[in-house]
2 protein chains.
Amino acid sequence: MTDRLPHALRSDALDNRERILEAARAVFAVDGLDVPMREVARRAGVAPATLYRRFPTKEMLVTEAFAEQMYACRAVVDEGLADLDPWRGFCLVIEKMCELHARDRGFTAALISTFPNAVDFDARREYALRAIGELARRAKEAGRLRTDFVLDDVILVLMANSGIHATSPTTQVTASRRFAALAISAFQASPDVSPLPPVARLAPPASVSRPSQVG
Amino acid sequence: MTDRLPHALRSDALDNRERILEAARAVFAVDGLDVPMREVARRAGVAPATLYRRFPTKEMLVTEAFAEQMYACRAVVDEGLADLDPWRGFCLVIEKMCELHARDRGFTAALISTFPNAVDFDARREYALRAIGELARRAKEAGRLRTDFVLDDVILVLMANSGIHATSPTTQVTASRRFAALAISAFQASPDVSPLPPVARLAPPASVSRPSQVG
DNA sequence: ACGCTAACGCACGCCGCTGTCCGCCTCGCT
DNA sequence: AGCGAGGCGGACAGCGGCGTGCGTTAGCGT
């Protein structure tokens, strides 16, 4: 009689929910976010309706699927921030971020994309960026990071990293690692580097895909 | 009576062909290669059948549409090769390539993708790579390019550059320019750089899209 | 054990893209 | 000017993804 919380899921429903998220994570990691919803459902051994009931839009599914990745992301940033050597911390963040993205193709897209409704998702993103900004400030102060570095350069590098595609996961990681090293090399303060061209304010592209969001 | 060349197109057909290619170039540049064939036809003011008659597969359309871009590509490479300072030539190639790709989103995909049938397309790609390889060799000899640079790094950078997306073309170019500068900065020989991690052999991904290529 | 209700999956209608067939048009040659 | 072939476009069927309504199943509380 008392109004139940609408969040009390039945045991089988909860089980399915977990399997859906697991399947989503797996397939997103390999094939990116553009896989059809039905494919996720198939892999989860669930009918489309079930998937849609639990996650009405792809955005919700993605947000929840990558929640733990976001934790990993935060962990990486915090680890870098905790390092006594700010430049080493900065490098670590770049490297780990690139690796994270190399291992999970969908995560890049999720992080790059902006989700109009997933506020906490955005918040975490902002937190990470802010932390990297702090790290960069300290690394500059230590004279290791080039002074014309701006925070947008991180986004630039992460976006760029997302453009790297390989056939096998191993190759993907190897390539990404090398790219990260190149990026770090580019960011390093050095006497004989020429100044960088102006920054582009990279607003992330539109949302993941068009749900039934028409007027 | 003598068997005519089958390539003798009628004037109106030739006109349509040109308009199709023009439309294709325009839309590919802005939206990439994933636009539907019908969209190209629409913009060209042509019925779908006409498009399909002239270019049975999207691959053919893409190949022909980007022919002149490939010329531009070759021109850039040759210009770099002609420069007396190999390092300056190398930088120029990187910069111009990135800009080319920034201005034309489809071109990146076209260059990155491998077309099973378009042999001359591949050939040009090979030519460009070979030339850049020569340029790199000379730049290394001059002591300006880091010695652990490998040719695959160019592909890595171009792929990465293709990952950069912006809302406006201007922003896109600005971002790409900065990225190119960063890449060059990373490639520059310098006393205080740490060695790079191993190279990933980046085979380009599969072809553009699956035409009716079934047995 | 029983019943209520949440949860499930099948199957449906809708839409956009693909590639092709066919009747009409028009270019170009005589 | 007349004719024929090459070209054109509208229309069609097939496919795949999307999102949902509905009858059935099974968890959970009494």
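Calculation criteria
- Residues numbered from 1 in each chain as written.
- Chains lettered and ligands numbered in written order.
- Predicted model: local features only at pLDDT ≥ 70, side-chain atom pairs only at ≥ 80, totals over all residues.
- Helix = DSSP H or I, 4+ residues; strand = E, 2+ residues; numbered from the N terminus.
- Buried ≥ 20, exposed ≤ 12 C-beta atoms within 10 Å, placed from the backbone.
- Contact = placed C-beta atoms within 7 Å.
- Near = placed C-beta within 6 Å.
- Nonpolar A, V, L, I, M, F, W, Y, C, P; charged D, E, K, R; others polar.
- Axes fitted to C-alpha atoms, helices over the stretch in contact; angles between N-to-C directions.
- Parallel < 35°, antiparallel > 145°, perpendicular 65-115°, else oblique.
- Left-handed = near helix turned anticlockwise from the far one by under 90°.
- Core = buried A, V, L, I, M, F, W, Y, C linked by C-beta atoms within 7 Å.

1. Notes on the overall build of chain A
And then number 1: Looking only at helices and strands, one finds 10 helices and 0 strands in chain A.
And then number 2: Listed N to C, the secondary structure of chain A is α-α-α-α-α-α-α-α-α-α in terms of helices and strands.
And then number 3: Burial status across chain A gives 40% buried among its 215 residues.
And then number 4: The contacts of chain A with a sequence gap of at least 6 include a subset with a gap of at least 24, amounting to 70%.

2. With respect to the protein's contact with DNA strand D
And then number 1: Taken together, 22 residues sit near DNA strand D, with S11, P36 and A49 of chain A together with A47 and A49 of chain B positioned nearest.
And then number 2: Only α1 (11–31), α2 (37–44) and α3 (48–54) of chain A together with α1 (11–31) and α3 (48–54) of chain B provide two or more residues apiece to the surface near DNA strand D.
And then number 3: The greatest single-element share of the surface near DNA strand D, amounting to 4 residues, is contributed by α3 of chain B.
And then number 4: By residue class, the composition of the surface near DNA strand D is 12 nonpolar, 4 polar and 6 charged.

3. Observations concerning the packing of helix α5 (residues 67–82) of chain B against helix α6 (residues 86–103) of chain B
All names here are of chain B.
And then number 1: In contact at an axis separation of 8 Å, α5 and α6 are set at 160° when each is read in the N-to-C sense. Relative to α6, α5 is oriented roughly antiparallel. α6 is crossed by α5, and the crossing has right-handed handedness. Two secondary-structure elements touch here, α5 through A72, C73, V76, V77, E79, G80 and L81 and α6 through G89, F90, L92, V93, K96, M97 and L100.
And then number 2: Considered class by class, the residues forming the contact of α5 with α6 number 10 nonpolar, 2 polar and 2 charged.

4. Side note on the nonpolar core
Nonpolar side chains in soluble globular proteins tend to be buried together.
And then number 1: Membership of the largest hydrophobic core comes to 117 residues, with the highest contact counts inside it found for I94 and A183 of chain A together with I94 and A183 of chain B.
And then number 2: For I94 of chain A, the residues in contact, after removing those within four places along its chain, are V157, A180, A183 and I184 of chain A.

5. Digging into the protein's contact with DNA strand C
And then number 1: Near DNA strand C you find 22 residues, and of these N16, A47 and A49 of chain A together with S11 and P36 of chain B are the closest.
And then number 2: Every element with two or more residues in the surface near DNA strand C is listed here: α1 and α3 of chain A together with α1, α2 (37–44) and α3 of chain B.
And then number 3: By residue number, the principal contributor to the surface near DNA strand C is α3 of chain A, which donates 4 residues.
And then number 4: Class assignment of the residues belonging to the surface near DNA strand C gives a composition of 12 nonpolar, 4 polar and 6 charged.

6. Here's the deal with the interface of chain B and chain A
And then number 1: Facing the 34 residues of chain B at the interface are 33 residues of chain A.
And then number 2: Secondary structure elements with two or more residues in the side of chain B that touches chain A: α9 (152–163) and α10 (169–187) of chain B.
And then number 3: Classifying every residue of the side of chain B that touches chain A by side-chain character gives 20 nonpolar, 10 polar and 4 charged.

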